[in-house]
Amino acid sequence: MRSNERECIARWEHAFEADPAIEKEKYYLTVAYPYPSGAMHVGHGRTYIVPDVLARYQRMKGRQVLFPMAFHVTGTPVIGISKRIANGDGKTIGLYRDLYRVPQDILDRFINPMEIVRYFSEEYRRVMQKSGLSIDWRRRFITVDPPYSRFIEWQYAHLHEEGHVVRGAHPVKYCPQCENPVGDHDLLEGDKAEIIRFTLVVFRWGDARIPCATLRPETIYGVTNLWVNPAATYVRAMIDGKEWIVSPEAAAKLALQDHEVLVTEKIPGTVLIDQTVAHPLSGDVPVLPATFVDPDMGTGIVMSVPAHAPFDYIALRDLQEQGKYTSIEPVPLIAVEGYGEIPAKDAVERAGIHDQNDPGMEALTQEIYSAEFSRGKVFEKYGGRSVREARDDVAALMVERYDSVPMYDFDNRLVICRCGGRVFVKILHDQWFLEYSDPCWKEQVKTQLEEMALVPPEVRAEFVRTVDWLKDWACTRRVGLGTKLPWDPTWIIEPLSDSTVYMAYYTIAHHLKAIPPEKLTPAVFDYIFFGEGSPSTVDRETLDAIRSEFLYWYPYDYRFSAKDLISNHLTFQLFHHRAIFPPELQPRGMVVFGMGLLNGAKMSSSKGNVYLLEDALEEFGADTVRMFLVGSAEPWQDFDWRNELVSSTRKQIERFWNTVSEAKQAEGATPIDAWLESRLQRRIEGATAALESFQTRQALQEAFFGVEADLKWYRRRLPEGAGGGAVLQDLCRTWVRLLAPFIPFTCEALWSDLGESGMVSFAPWPEVDESRIDPGVELAEELLARTVEDIESILKLIPMEAKSISLFVAPAWKHEAFRIIAASADKTRVVREIMQNEGMRRRGREATDATKQITKLVLKLPPDIVKQLAASPLDEQAVLEGARSFLEHEFGVPVTVKDAGESTHPKAAAALPFKPAIMIE
């Protein structure tokens, strides 16, 4: 098979280069381009193979398909990797030398970031070709190519003119080591961390101020104490000219957030314990010890509201059970339906929480906070407003009168830059932001979402949530690879911000390679994308040809990407499309992928939990890898790579190969051929419908396992000694085409072996031939197969050796009952309906019992079978009599078929339509 793979790769080198074809309907699909800073793993394989299956399918459906690829290298990741390698970082060098197997002479060159880009972008292309991806490689680019930079400059000039890029001061993720703001793509850890705005509630201790960071300023009225970690060291610091006491970590964070910070003295946490502090809204309260306080969270000092915070309640309870601080009582201030006067106490005791280390505490805290925020109301003496209103009002009051200020931090996650340094929240000034907070822009994107096809449909709510939640986004950096901001070149456009409308660039990328970058002025792009202006740097004939190609392909039909990118890239690109392109060129659809697991754990290159795609291709073969990745889950579901399961997939492909190879000799005809022909049409129909709705796993189930199951029954039904009719040859020609999108290497070889010309990759997708569908034949075989299965089940249960088998088929009156029950809208009242029939009524209890049994059967059978049986009852006696020799051969005993209505045997009464009664003696 390896030689076949090499031969196919050579044949496909230019086969999928797609030019506009006016006579054909176009289909343009794109996938998020990869960041080539390391080797591809099997998770990447699924990301690109699933769209390839759909690209190949659409191509066989006769559409002109564009499936391009590029490489994303903007930002600091490769710079960070390069620095770590240059500094001799053992972990990084080990990763690239041992896991990615980069040759030492090349690894030595990785001190230059562009060497990393060059090496891995070429590796990606090679492995993608090895995986059988049907990509138009002419359009390949990297995001630091000069023509691409001209395109980004053009885009940002328009965004700036439209007022979507603004200058301001905002909290951003910041790496002090890189001296640069960072985005999710720049992070080794914590890419999902959110920046949270806390209110610092300032307590007084003598002349010093002790600030506590809170998300719930309205609970100040219920503070009974502060918590300090006695094992931690705190500092006195002059912050904005006033003396504060905070953790050293908090002092460092505040220095990044527009505060002047000068640390003057260290203070052991024990010095603060049992001191009294004060706030005008809570009065005097003591400082208590708590080892759960993390000096790295907030200010390292926590205000305690035991009536409404489960952690505070149980920490206080733990101390009081030791006989300490017994005079402190929780102070309730919020009423919430479903909880007692002290909600935290109620929830803790109801959940049976033993102490503050109980793993259920986190969920319980979230439960209380959510309930109080959504349904809670502050007591009348504290204002009587809803918690939702009181929170903002009290926060504003504290800022205005009681020295409170905001503090920003992450939501409890460690955030690490790719350079290896810790990331903090910094207030950046003179930074450029994409104004995603603009309500008008948000509404435009929501309108677009309503018009788009989203797969699976439930992600629509997540997109809407993201649009609502998005705030202004820092779109520039001081260092890194990328395009300079055209009107302020001291800044570089960051990775997520330069990757929003590159799908439009793909359509013209190969043309732009022939034009000197300096000639790609904004006017050139205006003409290409809008048909406006009269640029002088490129001749009109060339521009018209390029514009024509863009208009042929755009908008894209579907974009494929992972669900974790909904919160940034996938939503960002909708904002940018709305800002740049007219309504008729807006994206049409998106398919959102699930995540990849390796032996049950999340894949992570940085943590070494990966299985390289090339290793999988070498060990199992490209088609085996493709078939497993597509067949293990639908695209939007998470999949789990397990080597032992992949091995069984290879055996399945071998069975397919052998079946098709053997079928070349098949000739003649047999009675069961009509059934196989009919079933094949159903499989074509099922696979086609599944692929149209992006259910690639279901399509494979139909195209491979469904056909294989039909062939198994077909062989079983053949007369003894028969090898199968010429129908098998027709089936195999269809089967090879059905599986060509999934296992193209195998199918190209088999297509040639079958004597067909050209590539199966461009052969027409099988169409359903209605004339070959025979519902009656299919129904008859379904009855027979179910009867065989029932006999086998009984034989497994009985200890005796069978001497004969009698089958009793249901009498006509039961078929009539079946028809009435099938048509009934209310199956719970169907007995009354049956008894309105004079003939049924005469049968009394017999009819009542049969109705109950038939109702259960109707509910259990597939709806299409019920519908068919109700429309035209099957002559079950004729079917089973006709298959008597088959049944006798199967079970090795005489078989008789009888009408249950004419038999006095006790078993006969159990006969139901489509379910004969069975007597084994």
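Note: the structure precedes this text.
Residues numbered from 1 in each chain as written. Predicted model: local features only at pLDDT ≥ 70, side-chain atom pairs only at ≥ 80, totals over all residues. Heavy atoms only, no water.

A.B. asks: Break down the overall build of the protein chain for me, citing the residues and quoting the values.
C.D. replies: The helix and strand inventory of the protein chain stands at 35 helices and 31 strands. Dimensions of the protein chain, computed from C-alpha atoms along their principal axes, come out at roughly 105 × 80 × 50 Å. Burial statistics for the protein chain: of 921 residues in total, 56% are counted as buried. Taking contacts inside the protein chain between residues at least 6 apart in sequence as the whole, the part at least 24 apart equals 77%. By element, 50% of the accessible surface of the protein chain is carried by carbon and sulfur atoms, the whole surface being about 38,600 Å². (Helix = DSSP H or I, 4+ residues; strand = E, 2+ residues; numbered from the N terminus. Buried < 20%, exposed > 50% of the residue type's maximum accessible area, 1.4 Å probe, protein only. Contact = heavy atoms within 4.5 Å. Areas by Shrake-Rupley, 256 points an atom, 1.4 Å probe, with all protein chains shown as cover.)

A.B. asks: Tell me about the packing of helix α28 (residues 775–797) against helix α35 (residues 884–891), residues and numbers included.
C.D. replies: Between α28 and α35, whose axes approach to 12 Å, the crossing angle comes to 30°. The orientation of α28 with respect to α35, classified from their angle, is roughly parallel. With respect to the hand of their crossing, α28 and α35 are arranged in right-handed fashion. Of α35, the residues touching α28 (which contributes L784, V788, I791, E792 and L795) are F886, L887 and F891. Here the residues of the contact of α28 with α35 are counted per class, giving 7 nonpolar, no polar and 1 charged. (Axes fitted to C-alpha atoms, helices over the stretch in contact; angles between N-to-C directions. Parallel < 35°, antiparallel > 145°, perpendicular 65-115°, else oblique. Left-handed = near helix turned anticlockwise from the far one by under 90°. Nonpolar A, V, L, I, M, F, W, Y, C, P; charged D, E, K, R; others polar.)

A.B. asks: I'd love a proper account of the environment of S404, names of residues and values included.
C.D. replies: Inspection of the secondary structure assignment puts S404 in the loop between α13 (387–401) and β17 (405–410). Other than its neighbours up to four places away in sequence, S404 contacts T199, L200, V201, V202, M398 and V399. Within polar-contact distance, the side chain of S404 engages the backbone oxygen of L200 at 2.7 Å. (Polar contact = N/O pair within 3.5 Å; in protein donor to acceptor, adjacent residues only side chain to side chain.)

A.B. asks: Outline the packing of aromatic side chains, supporting the account with residue identities and numerical values.
C.D. replies: Counted by the stated rule, this structure contains 56 aromatic pairs. Note on Y96 and F120: the rings are 5.8 Å apart at their centroids and 65° apart in plane angle, and the pair reads as edge-to-face. Note that Y96 is positioned in helix α4 (residues 90–99) and F120 in helix α6 (residues 113–130), a separation of 24 residues in sequence. Grouping residues by exposure puts Y96 and F120 together as buried. Across from the ring centre of F593, 5.8 Å away, lies the NZ or CZ of R46, which sits over that ring. A cation over a ring is seen here: R56 above W12, with NZ or CZ 4.4 Å from the ring centre. (Phe/Tyr/Trp six-rings, centres within 6.5 Å; stacked < 30°, edge-to-face > 60°. Lys NZ or Arg CZ within 6 Å of the ring centre and 35° of its normal.)

A.B. asks: Give a description of the sheet that holds strand β30 (residues 895–899) that names residues and reports values.
C.D. replies: Taken in spatial order, the 3 strands make up an open sheet running β30-β29-β31, and their pairing is mixed. Because the sheet does not close on itself, it has two edges, and the strands there are β30 and β31 (917–920). The average angle at which neighbouring strand axes cross in this sheet is 20°, direction not considered. As paired strands, strand β29 (residues 805–809) and β31 are joined by 4 bridges and run antiparallel to one another. When the sheet's bridge partners are listed, F808 is paired in β31 with A917. Packing of α28 onto the sheet brings it into contact with β29 and β31, and relative to β31 it is tilted by some 40°. The strands touched by α35 are β29 and β30; relative to β30, the strand with the most contacts, the crossing angle is about 135°. (Pairing = 2+ DSSP bridges.)

A.B. asks: So what's going on with the nonpolar core? Residues and values would help.
C.D. replies: Of all hydrophobic cores here, the largest spans 155 residues; its most connected members are F110, W641, F656 and L739. Residue contributions to this core peak at 9 residues, all from helix α2 (residues 42–60). Once residues lying within four places of it in the same chain are set aside, the contact partners of F110 are S82, I85, Y96, V102, E115, I116, Y119 and F120. Counting 70 residues, the second largest nonpolar core, distinct from the first, contains F529, L543, F550 and L585. (Core = buried A, V, L, I, M, F, W, Y, C linked by side-chain atoms within 4.5 Å.)

A.B. asks: Can you lay out unusual backbone geometry for me, pointing to particular residues and giving the numbers?
C.D. replies: Note the cis peptide between V455 and P456, where omega equals -5°. By secondary structure assignment, the location of P456 is in the loop between β20 (453–455) and α15 (459–469). Following Y554, the chain continues to P555 via a peptide bond in cis, the omega torsion being 5°. Among the structural elements, P555 can be located in the loop between α19 (540–553) and β24 (558–562). The residue D274 is not glycine, and still its phi comes out positive at about 70°. A positive phi angle, near 60°, is found at D430, a position not held by glycine. Structurally, D430 is set in strand β19 (residues 424–434). Residue classification places D430 among the partly exposed residues on the basis of a relative accessible area of 47%.

A.B. asks: Please set out the packing of helix α22 (residues 622–631) against helix α23 (residues 643–663) residue by residue, giving values where relevant.
C.D. replies: Where α22 meets α23, the closest approach of the two axes is 9 Å, and the angle between their N-to-C directions is 115°. In terms of their interaxial angle, α22 and α23 are classed as roughly perpendicular. α22 and α23 meet at a crossing whose hand is right-handed. Contact residues: α22 offers D623, T624, M627 and F628, while α23 offers L645, V646, T649, R650, Q652 and I653. Taken together, the residues that form the contact of α22 with α23 break down as 5 nonpolar, 3 polar and 2 charged.

A.B. asks: Please set out helix α33 (residues 863–871) residue by residue, giving values where relevant.
C.D. replies: Working note: α-helix, 3.6 residues per turn, so residues spaced by three or four point in the same direction. Burial in α33 covers these residues: I865, V866, L869 and A870. Looking down the long axis of α33, one finds its buried residues gathered within 130° of arc, a one-sided arrangement. Of the exposed residues in α33, the ones pointing more than 90 degrees away from its buried face are P863, D864, K867 and A871. (Arc of directions from axis to C-beta.)

A.B. asks: Would you mind going over the sheet that holds strand β28 (residues 639–641) in detail, with residue names and values included?
C.D. replies: Strand order in the open sheet made by the 3 strands is β27-β26-β28, with mixed pairing throughout. Here the strands that pair on one side only, and so sit at the sheet edges, are β27 (601–602) and β28.

A.B. asks: Which residues make up the pairing of strand β1 (residues 26–31), and what values do they have?
C.D. replies: Look at any regular strand and the pattern is simple: side chains alternate between the two faces of the sheet. Among the 6 residues in β1, 6 count as buried, and that is most of the element. Here β1 shows two buried faces, one formed by K26, Y28 and T30 and the other by Y27, L29 and V31. Traced from β1 through α2 to strand β2 (residues 64–66), the parallel crossover comes out right-handed. One ladder, built from 3 bridges, connects β1 with β24; its direction is parallel. Residue pairing across strands places L29 opposite Y558, the latter belonging to β24. (Right-handed = clockwise from strand over helix to strand, strands pointing away.)

A.B. asks: Explain the pattern of salt bridges to me, using residue names and the numbers behind them.
C.D. replies: This structure, assessed with the given rule, holds 59 salt bridges. The partner of R126 in a salt bridge is E614, and the shortest N-O contact between them spans 2.6 Å. Linking R126 in helix α6 with E614 in helix α21 (residues 613–620), this pair joins segments that are 488 residues apart in sequence. Taking the shortest distance from any N to any O, the salt bridge between E218 and R216 comes out at 3.6 Å. Because the salt bridges share partners, they merge into one network encompassing E17, D19, D136, R138, R139 and E549. (Salt bridge = Lys/Arg side-chain N within 4 Å of Asp/Glu carboxyl O.)

A.B. asks: Lay out the state of the cysteines in plain terms, naming residues and giving numbers.
C.D. replies: Tallying each qualifying case throughout the model produces 0 disulfides. C747 supplies the cysteine sulfur nearest to C732, a cysteine that is in no disulfide, at a spacing of 11 Å. (Disulfide = S-S within 2.5 Å.)

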